[in-house]
Amino acid sequence: MILYKTIALKFGHHLENEKPESIPGPDGQLVLSEEIRQHWQRVLNDLSSARIYLLDHNAANYLDSLRMDVQGMPWENRSEADIQGYVREVSLPRDLIWIEYDDRKLWEHRVARKITTLSEDELSSRHQRGFLFDNRSSEKLSVRLFSAMTDTIFLMRRSYSRYRNHKMVGLTLTTPSGNSREP
């Protein structure tokens, strides 16, 4: 399964064949049918413009272990200043980037490294995961998270934005209708 292809097929099919109902969004505000269709179209446009990176489980495991070296282990309490000492302004290769990996394999490696424990049931509920990084704005970097539930069903979790300024104001949650608020 390749998650970004599943998303493109589903949203493309929905745009051609379905008219969604207006539904309450994650923030409780009503998301109108046309806003949902516009959201599907935006995601399709962004995916078609994005540079695609499909990480195998070894690459995802390497990046995860590097991240933990920089951020510390989950039980360590490193300050933001310590972490920023490692991280500099990152130049992304394109304004839109899709990164996808096998979340189950990543967690199997975490269990093998004795960072966590998960049962076989907990591991079996993990599937492909993808991040869509949007660096088109000079003001902020936005990230949308997609998680596969099965080979044909996925969930768009949240959209985060990190504003670029000296204070590094927190993350902003954006609903499919485009409304923003602090989490």
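Each remark here, short or long, concerns the structure printed above.
Notes on the structure follow.

### Side note on the environment of S33
Mapped onto the elements, S33 comes out in helix α2 (residues 33-49). Measuring from C-alpha to C-alpha, the distance between S33 and E21 comes to 5.3 Å, with twelve residues separating the pair along the chain. Ignoring any residue separated from it by four or fewer positions in sequence, one finds S33 in contact with K19, P20, E21 and S22.

### Some remarks on the packing of helix α1 (residues 3-17) against α2
Two elements in contact, α1 and α2, have axes whose closest approach is 10 Å; the angle formed by their N-to-C orientations is 140°. The orientation of α1 relative to α2 falls into the category oblique. Like other packed secondary-structure pairs, α1 and α2 cross with a definite hand, here left-handed. Mapping the contact onto sequence places Y4, I7, A8, F11, G12, H14 and L15 in α1 and R37, W40, Q41, V43, L44 and L47 in α2. Residues belonging to the contact of α1 with α2 are distributed by class as follows: nine nonpolar, three polar and one charged.

### Describing the packing of aromatic side chains
The full count for this structure, using the stated rule, is six aromatic pairs. Ring centres of W98 and F146 lie 5.5 Å apart, and the angle between their planes is 55°; on these two criteria the pair is classed as tilted. Here F146 lies in strand β6 (residues 140-148) and W98 lies in strand β4 (residues 96-102), a separation of 48 residues in the sequence. A relative accessible area of 0% places W98 in the buried class. Lying over the aromatic face of W107, R110 brings its terminal NZ or CZ to 4.4 Å of the ring centre.

### What about the nonpolar core?
Grouped together as the largest cluster of nonpolar side chains are 17 residues, with contacts concentrated most on L3, I7, F11, W98 and F146. With five residues, the single largest contributor to this core is α2. Once you skip the residues sitting within four places of it in the chain, I7 turns out to touch V43, L47, W98, F146 and F154.

### Things to note about the pairing of strand β5 (residues 128-134)
Each regular strand carries side chains that alternate between the two faces of the sheet. β5 sits mainly inside the fold: five of its seven residues count as buried. Both β4 and β5 contribute to a ladder of seven bridges, which runs antiparallel. If you follow L96 over to β5, its bridge partner there is D134. Sheet topology places β5 next to β6; six bridges connect them, and they run antiparallel. Within β6, the position partnered with L132 by the bridge is R144. Joining the antiparallel neighbours β5 and β6 is a turn of five residues.

### Thoughts on unusual backbone geometry
Even without being glycine, K114 reaches a positive phi, approximately 60°. Its place among the elements puts K114 in the loop between α5 (103-112) and α6 (120-124).

### Some points on α5
Along α5, the residues classified as buried are D103, L106, W107 and R110. One face of α5 carries all of its buried residues, which in axial projection span an arc of 95°. Contacts made by the buried residues of α5 are with α3 (57-71), β4, α6 and β5. The residue sitting at the N-terminus of α5 and contributing the capping side-chain oxygen is D102; that oxygen lies 3.0 Å from the backbone nitrogen of R104. Where α5 terminates, the next one or two residues include K114, which has phi positive at roughly 60°.

### Comments concerning the environment of A50
Within the secondary structure layout, A50 lies in the loop between α2 and β3 (51-54). Separated by 48 residues in sequence, A50 and W98 have C-alpha atoms that sit 6.0 Å apart. With residues near it in sequence (within four places) discarded, A50 still touches R94, L96, I97, W98 and L132.

The rules behind each value
Residues numbered from 1 in each chain as written. Predicted model: local features only at pLDDT ≥ 70, side-chain atom pairs only at ≥ 80, totals over all residues. Heavy atoms only, no water. Helix = DSSP H or I, 4+ residues; strand = E, 2+ residues; numbered from the N terminus. Contact = heavy atoms within 4.5 Å. Axes fitted to C-alpha atoms, helices over the stretch in contact; angles between N-to-C directions. Parallel < 35°, antiparallel > 145°, perpendicular 65-115°, else oblique. Left-handed = near helix turned anticlockwise from the far one by under 90°. Nonpolar A, V, L, I, M, F, W, Y, C, P; charged D, E, K, R; others polar. Phe/Tyr/Trp six-rings, centres within 6.5 Å; stacked < 30°, edge-to-face > 60°. Buried < 20%, exposed > 50% of the residue type's maximum accessible area, 1.4 Å probe, protein only. Lys NZ or Arg CZ within 6 Å of the ring centre and 35° of its normal. Core = buried A, V, L, I, M, F, W, Y, C linked by side-chain atoms within 4.5 Å. Pairing = 2+ DSSP bridges. Arc of directions from axis to C-beta. Polar contact = N/O pair within 3.5 Å; in protein donor to acceptor, adjacent residues only side chain to side chain.

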